[in-house]
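Spelled out, the chains give:
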Amino acid sequence: MKKILVTIKTSDEIKHKIINETNNVEIHFIDKNDLNKDIIKQYNAIIGNVNPELLENSNIEWLHLETAGIDKYTKIPDKIQLTNSKGAYSEAIAEYILGSILIMYKRFDQYIKNQKYHSWKYLGEIKQLKNSNICVVGLGDIGNTFALKAHLLGANVFGVKKTISNKPEYIQKIYTTDNLEEILGKSDIVVLILPSTKDTRNLFDYKLLSKIKKDSLLINVGRGDTVVTEDLIKLLEEKHFGGVVLDVCNPEPLPINSKLWQFDNVLITPHISGNYSMEYSYNKVIDIAIENINNFSDSKQLINIVNKGEGY
C-alpha cells in the first residue's frame, strides 16, 4: 500500500474528506515546517509545496503541488513525477482581472481616494470594456477562463501562446510569441499570465513594453520576473500607460522604496489574485489532490502532469 504525506493545511473536516474519498492508500498529515528528510523517506508521495531540497535521495515517486506555478520545482530529481493544481485558481484570477479592469476603466481607484477628502469632484470620461481589444499573453487555463468572461461582456479577445492550437470561438485570433508585437500595438488592454521560464523571464523589457499601445492598460497576474521592473518604471515616468495593475512584482515583496508605489495610475496588490483568497480555490485544490491520489493508488494516468523542462 502506497504511503502519502499531505502537507496542505487542513481542518479535521477536510482530513476526513481526503481519507474517506481515497482508496488503497495510507495517508498521514503533517505541517510542512515539521518535515525533514528522515520523515520523507517513509513515504511514496507528497501532496503540498515542500522544500525541494528535502526531496534529494528520497523514495518519493510523485509530488503534487497545491499551486499552479512550479517555479521552485523544475530541478527536483527526474524520477519524481510532478503534478500541479492547474484549474483551481482560474475563476479567482479571472475575476480579479475583470475587477481590476473595471476599477481602472471606471476610475473607482481615483474616486475612492477623493472620498477620503470628502471631495465631490467629477474626474472626467471613463472607458468602455465592450468593444475593447484585449490581448491575453499566456492562453492557458486561467487565460481561457478570463477570455471567455471578457468575450461575454462584449470585448474582442486575442490570445498569445507559444504555439498555435485550436482556436476557441471566444477568441478572435491566436498569435504566437514570435509575432507578439503585432497584437500589442492594437490592444487596449494587455493581460500577462505567463509562468516563469527561461523563455519568459525578462521577456517584457523596455523594447517590448514600448510596443504596447500608448494609454493602454497593462495587467500582470502571472509572474513578476516576466517584466523588467526598471523598464516598466521608465515607461511609467514617460507616461506611456493609461494604467498598470500588478498582482505580481519583481522582487516580491515589493520594497517599500520602489518607485512603483509612487504612480497614481498603478494599482498594486500583494500576489493575492490566486492563493486561497477565495474558498472555491481551496476546495478545488483538495478535489484535484483527491482525484490524483486515487489515480496514483490505482496506477492510472495522473492529471495535471507538469513538464519540468518547460516549466509548466
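None of the values given here were measured: they were computed from a predicted structure.

## Some points on helix α3 (residues 90–105)
Compared with an ideal rise of 1.5 Å per residue, which puts 16 residues at 22 Å, α3 spans 22 Å between its outermost C-alpha atoms and is within 8% of the ideal. For α3, the full list of buried residues reads S90, A92, I93, A94, Y96, I97, L98, S100, I101, M104 and Y105.

## As for the pattern of salt bridges
The full count for this structure, using the stated rule, is 11 salt bridges. Between K186 and E182 there is a salt bridge, and its shortest N-O distance comes to 3.6 Å. Connected through salt bridges with shared partners, the residues K17, E21 and D287 form a single ionic network.

## Observations regarding the sheet that holds strand β3 (residues 45–47)
Spatial strand order, β2-β1-β3-β4-β5: five strands in an open sheet with parallel pairing. In this open sheet, the two edge strands, each paired with only one partner strand, are β2 (25–29) and β5 (81–83). Taking the axes of each pair of neighbouring strands and ignoring which way they run, one obtains an average angle of 15° across the sheet. With five bridges connecting them, strand β1 (residues 2–6) and β2 associate as parallel partners. The residue of β2 that forms the bridge with K3 is E26. Along the sheet, helix α9 (residues 279–297) makes contact with β1, β2, β3, β4 (62–64) and β5, crossing β4 at roughly 170°.

## A closer look at a nonpolar patch on the surface
On the surface, L102, F108 and I112 cluster together into a nonpolar patch covering about 270 Å² of accessible area. Mapped onto the elements of the fold, L102 is located in helix α3. By relative accessible area, L102 is classed as partly exposed at 34%.

## Some words on empty space enclosed by the protein
Enumeration according to the criterion identifies one cavity of 30 Å³ or more in this entry. Each pocket or cavity is described by its volume, and for the largest cavity that value is around 60 Å³.

## Brief notes about the environment of I174
On the secondary structure map, I174 appears in strand β8 (residues 173–176). Sequence separation between I174 and L139 is 35 residues, and the spatial gap between their C-alpha atoms is 8.9 Å.

## A closer look at the side chain of S58
Within the secondary structure, S58 is located in the loop between β3 and β4. A polar atom in the side chain of S58 sits 3.3 Å from the backbone nitrogen of I60. The residues touching S58, leaving out its near neighbours within four places in the chain, are I40, K79 and I80.

## Describing the layout of surface pockets
Estimates place the volume of the second largest pocket at around 390 Å³. If you go around the second largest pocket, you meet 16 residues; those closest to its centre are M104, R107, Q110, G242 and G243. Mapped by element, the contributors of at least two residues to the lining of the second largest pocket are α3 and α4 (108–116). The biggest single contributor to the lining of the second largest pocket is α4, with three residues. In the lining of the second largest pocket, the residues fall into four nonpolar, five polar and seven charged.

## A look at the sheet that holds strand β9 (residues 189–192)
Spatially, seven strands are ordered β8-β7-β6-β9-β10-β11-β12 in an open sheet, and the strand pairing comes out parallel. The open sheet is flanked by β8 and β12 (266–268), the only strands paired with a single partner. Between one strand axis and the next, the sheet turns through 15° on average, direction left out of account. Pairing of strand β7 (residues 156–161) with β8 involves four bridges; the strand directions are parallel. Among the inter-strand pairings, F158 is bridged to a residue of β8, identified as K173.

## A short note on the pairing of strand β11 (residues 243–246)
Residues G243 and V245 point to one face of β11 and V244 and L246 to the other, with burial holding for every one of them. As paired elements, strand β10 (residues 217–220) and β11 share four bridges and run parallel to each other. Across the sheet, residue L217 finds its bridge partner in β11, namely G243. Chirality of the crossover, the property in question, places the unit of β10, helix α8 (residues 229–237) and β11 among those that are right-handed. Here three bridges tie β11 to β12, and the two strands are oriented parallel to one another. Residue pairing in the sheet places V244 in a bridge with V266 of β12.

Reading the values: rules and limits
- Residues numbered from 1 in each chain as written.
- Predicted model: local features only at pLDDT ≥ 70, side-chain atom pairs only at ≥ 80, totals over all residues.
- Heavy atoms only, no water.
- Helix = DSSP H or I, 4+ residues; strand = E, 2+ residues; numbered from the N terminus.
- Expected span 1.5 Å × (residues − 1).
- Buried < 20%, exposed > 50% of the residue type's maximum accessible area, 1.4 Å probe, protein only.
- Salt bridge = Lys/Arg side-chain N within 4 Å of Asp/Glu carboxyl O.
- Pairing = 2+ DSSP bridges.
- Axes fitted to C-alpha atoms, helices over the stretch in contact; angles between N-to-C directions.
- Contact = heavy atoms within 4.5 Å.
- Patch = residues over 30% accessible without salt bridge, like charges linked within 9 Å, V, L, I, M, F, W, Y side chains within 5 Å.
- Areas by Shrake-Rupley, 256 points an atom, 1.4 Å probe, with all protein chains shown as cover.
- 1 Å grid on protein atoms, 1.4 Å probe; cavity = no way out; pocket = protein on both sides within 12 Å on 5 of 7 lines; lining within 4 Å.
- Points joined across faces, edges and corners; volume = space filled by probe spheres on them.
- Polar contact = N/O pair within 3.5 Å; in protein donor to acceptor, adjacent residues only side chain to side chain.
- Nonpolar A, V, L, I, M, F, W, Y, C, P; charged D, E, K, R; others polar.
- Right-handed = clockwise from strand over helix to strand, strands pointing away.

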